[in-house]
Amino acid sequence: MKDMVDAERCAPRDAHAQRGRCELPHVDHRIRVPRGARIATPTGLRPACSLRPQDRVVCRNSGALRVESCATAKEIGALCKISLSAYACQPLARALVLPGDQHLVLRDWRATALFNRSEANVRVERLIDGDLIRQVPPNPAPFVLLNFSAPVILYAEGLELASC
């Protein structure tokens, strides 16, 4: 993981960290996906909206990990649409819309070509090229927020999505 781009961490979320105390800030290990996105689980692909706390998802970095909590929320920030043939291990079954600040893991020639690294963890919005990945107008789209107890890389529609 040393070789990853975008090593920035989530911003501190508590007042103690903002005042400069030596306490560790609370860090969320969450991933936001569209409600209908299919997530890899040990029993097969499941829609994100069907996942519940304690369900297990397949993770690249830790086998299978339990979902700590999940919620449905409307995303009001920048959204990016990923086309069927962009950045997936296998072609996507359908285009996928993700929040612009959702982290995506690139490996193989894509990471080398774009970032001169064997693996890159980047925000989707940094990959906008106007063709394979486009910014779409913001709208209150329903997303599922999956929270985990540790950093995670999971598979959604063939893409590797990383918590921040």
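Structural data are supplied above this passage.
Everything quoted here is computed from the prediction, not taken from an experiment. (Residues numbered from 1 in each chain as written. Predicted model: local features only at pLDDT ≥ 70, side-chain atom pairs only at ≥ 80, totals over all residues. Heavy atoms only, no water.)

Structural notes on the overall build of the protein chain
Each helix and strand in the protein chain was counted, giving two helices and 14 strands. In the protein chain, the share of contacts with a sequence separation of at least 24, taken over all contacts with a separation of at least 6, comes to 59%. Entry remark: accessible area of the protein chain is about 8,700 Å², with carbon and sulfur atoms responsible for 52%. (Helix = DSSP H or I, 4+ residues; strand = E, 2+ residues; numbered from the N terminus. Contact = heavy atoms within 4.5 Å. Areas by Shrake-Rupley, 256 points an atom, 1.4 Å probe, with all protein chains shown as cover.)

Here's the deal with the nonpolar core
V33, I39, V57, F148, L154 and L161 are the most contacted members of the largest nonpolar core, which has 31 residues in total. Looking at which element gives the most residues to this core, the answer is strand β12 (residues 141-148), with three residues. Apart from residues lying up to four places away in sequence, V57 is in contact with I39, A40, T41, P42, L51, G63, A64, L65, V67, F148 and L154. (Core = buried A, V, L, I, M, F, W, Y, C linked by side-chain atoms within 4.5 Å. Buried < 20%, exposed > 50% of the residue type's maximum accessible area, 1.4 Å probe, protein only.)

Regarding the environment of A71
Relative to the assigned elements, A71 resides in strand β6 (residues 69-75). On the accessibility criterion, A71 (40% relative accessible area) is partly exposed. With 75 residues separating them along the chain, A71 and L146 place their C-alpha atoms 6.9 Å apart. Among residues more than four places away in sequence, those in contact with A71 are F143, V144 and L145.

Some words on helix α2 (residues 108-115)
Taken together, the buried positions of α2 are R110, A111 and F115. Projection of α2 onto a plane perpendicular to its axis shows the buried side chains occupying an angular sector of 95°, all on one side. The exposed residues of α2 that point more than 90 degrees off its buried face are W109 and A113. For α2, the secondary structure elements touched by its buried residues are β9 (103-107) and β10 (119-123). Directly after α2, the chain includes N116, whose backbone phi takes a positive value near 55°. (Arc of directions from axis to C-beta.)

Notes on the pattern of salt bridges
Following the criterion strictly, the structure yields seven salt bridges and no others. Note that R38 is salt-bridged to E157, the shortest N-O span being 2.8 Å. Here R38, found in strand β2 (residues 38-41), pairs with E157, found in the loop between β13 (153-156) and β14 (159-162); they are 119 residues apart in sequence, far enough to count as distant. R38 sits in the partly exposed class, given a relative accessible area of 28%. A salt bridge links E160 to R60, with the nearest nitrogen and oxygen atoms 3.4 Å apart. Of this pair, E160 sits in strand β14 while R60 sits in the loop between β4 (56-59) and β5 (63-66), and the two are 100 residues apart along the sequence. A relative accessible area of 4% places E160 in the buried class. (Salt bridge = Lys/Arg side-chain N within 4 Å of Asp/Glu carboxyl O.)

As for the sheet that holds strand β11 (residues 133-136)
The sheet built from three strands is open, its strands ordered β8-β7-β11 with antiparallel pairing. Strands with a single pairing partner mark the edges of an open sheet, and in this sheet they are β8 (96-99) and β11. Strand-to-strand twist across the sheet, computed as the mean angle between neighbouring axes with direction ignored, equals 30°. Note: strand β7 (residues 79-82) against β11, four bridges, orientation antiparallel. (Pairing = 2+ DSSP bridges. Axes fitted to C-alpha atoms, helices over the stretch in contact; angles between N-to-C directions.)

Concerning unusual backbone geometry
Residues other than glycine seldom take positive phi values, yet Q54 does so here, at roughly 80°. By the secondary structure assignment, Q54 is in the loop between β3 (44-47) and β4. Backbone geometry at N116 places phi at a positive 55°, although glycine is not the residue there. With respect to the element layout, N116 can be found in the loop between α2 and β10.

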